[in-house]
Amino acid sequence: MNDASPPGRSDAPAAPAPAAGEPTHHDPHVRWTQILLGVLALSLGFGLWGAVVVLRDDAPGDPQAQIRSQQAQIEELEQRVTTLSRSDQISREANRDLQGALAEREEEIAGLRADVAFYERFVGSTAQRRGLTVHELRLQPSGDGVWHFTATLTQNLNRGAVSRGGLKLSVEGTRDGKLQRLDWVDLRQQHDAPGVEYSFKYFQQLQGDILLPRGFVPVRVSAHLEPAGAAAIEQSFTWAEATGRSAPDA
């Protein structure tokens with residue numbers, strides 16, 4: 001017999017066949033299974049890491065640090081309140097100053113309007129022509145029986161002409177139940193006291209002081225104008241008209 005092996009047959013012992021159901025290393029299902037298991041393990045790892053980070057962030061921090069942070073916030077809020085309060089105070093003060101300034105301006109405007117009306121009455125085209133006169137006489141107390149007077153003299157009859165002369169006052173009243181008249185020298189407490197001089201074209205204000213003796217109750221005050229080169233002029237006012245009161249303070 002010919003011992004030669006048939007073609008294609010080897011004398012090496014053949015590898016044992018794998019057991020039924022045991023996968024081989026080259027089985028594609030095994031490889032995909034391993035890959036899926038690896039991905040799952042990585043996903044679980046990342047998930048655990050994220051949970052740790054979140055829990056660490058949510059966990060309470062250092063109590064002392066929280067107290068310092070809250071104290072800083074409180075101080076900041078208090079500073080804001082202080083700043084706002086100061087701003088409000090400054091605004092209120094500025095508003096009061098503004099209101100005061102507006103009141104002063106309104107008073108000045110009212111005074112200017114009164115002056116304009118006064119001028120128009122005497123120098124306007126429709127002004128009534130009047131000669132020398134005492135347009136107004138005002139008396140204000142200054143204390144210790146002293147009264148300050150302001151007399152407004154006017155004239156527009158002779159436009160452009162200058163009126164010159166002197167003003168004297170006298171006061172009538174009662175003292176110890178008797179009528180008494182105080183002349184200019186008595187009111188000025190000066191012998192031969194000169195009158196208050198005036199010189200104007202249309203109007204002028206004269207001022208001065210008079211002294212009433214203790215116990216004297218005034219009733220009427222008279223203004224005496226002594227124009228240069230002309231007859232004297234006398235005008236009387238009740239004490240209430242001149243002062244706005246019935247009698248001087250005791």
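Residues numbered from 1 in each chain as written. Predicted model: local features only at pLDDT ≥ 70, side-chain atom pairs only at ≥ 80, totals over all residues. Heavy atoms only, no water.

Caption draft 1: Examining the sheet that holds strand E1 (residues 133–143) more closely. Strand order in the open sheet formed by three strands is E1-E2-E6, with antiparallel pairing between adjacent strands. Strands with a single pairing partner mark the edges of an open sheet, and in this sheet they are E1 and strand E6 (203–211). Shown here is a sheet whose adjacent strand axes are inclined to one another by a mean of 20 degrees, direction ignored. (Pairing = 2+ DSSP bridges. Helix = DSSP H or I, 4+ residues; strand = E, 2+ residues; numbered from the N terminus. Axes fitted to C-alpha atoms, helices over the stretch in contact; angles between N-to-C directions.)

Caption draft 2: View of the pattern of salt bridges. One pass over the full model with this rule turns up six salt bridges. One salt bridge in this structure joins Glu76 and Arg80, with 2.8 Å as the shortest N-O distance. Taken together, the residues span about one helical turn, with Glu76 and Arg80 both in helix H2 (residues 63–123) at a distance of four residues. Accessibility expressed as a relative area gives 48% for Arg80, which makes it partly exposed. (Salt bridge = Lys/Arg side-chain N within 4 Å of Asp/Glu carboxyl O. Buried < 20%, exposed > 50% of the residue type's maximum accessible area, 1.4 Å probe, protein only.)

Caption draft 3: Examining the packing of aromatic side chains more closely. This model, assessed by the stated rule, comprises three aromatic pairs. Centroid distance Trp147 to Trp239: 5.0 Å. Interplanar angle 75 degrees. Geometry classified as edge-to-face. In this pair, Trp147 is assigned in strand E2 (residues 146–154) and Trp239 in helix H4 (residues 239–243), connecting sequence segments 92 residues apart. Residues Trp147 and Trp239 agree in their burial class; the two are buried. Judged by centre distance (5.9 Å) and plane angle (50 degrees), the rings of Tyr198 and Phe200 are tilted. Residue class for Tyr198 comes out buried when judged on its relative accessible area of 3%. (Phe/Tyr/Trp six-rings, centres within 6.5 Å; stacked < 30°, edge-to-face > 60°.)

Caption draft 4: Expanded view of the side chain of Gln155. Looking at the element boundaries, Gln155 is found in the loop between E2 and strand E3 (163–175). Accessibility expressed as a relative area gives 3% for Gln155, which makes it buried. Side-chain polar atoms of Gln155 contact the backbone oxygen of Lys201, separated by 2.6 Å. With residues near it in sequence (within four places) discarded, Gln155 still touches Arg130, Gly131, Leu132, Ala161, Ser163, Phe200, Lys201 and Tyr202. (Polar contact = N/O pair within 3.5 Å; in protein donor to acceptor, adjacent residues only side chain to side chain. Contact = heavy atoms within 4.5 Å.)

Caption draft 5: Region of interest: unusual backbone geometry. Located in the positive-phi region is Gln189, a residue other than glycine, with phi close to 55 degrees. Looking at Gln189, the relative accessible area reads 58%, which means it is exposed. Even without being a glycine, Asp192 presents a positive backbone phi close to 60 degrees. Within the secondary structure layout, Asp192 lies in the loop between helix H3 (184–188) and strand E5 (196–200). What makes Asp192 exposed here is its relative accessible area of 59%.

Caption draft 6: Structural detail: the pairing of E3. Taken together, the five bridges between E3 and E5 define a ladder with antiparallel strand orientation. Its bridge partner being in E5, Ser163 is matched across the sheet by Phe200. Sheet topology places E3 next to strand E7 (residues 216–227); eleven bridges connect them, and they run antiparallel. Residue pairing across strands places Glu172 opposite Arg220, the latter belonging to E7.

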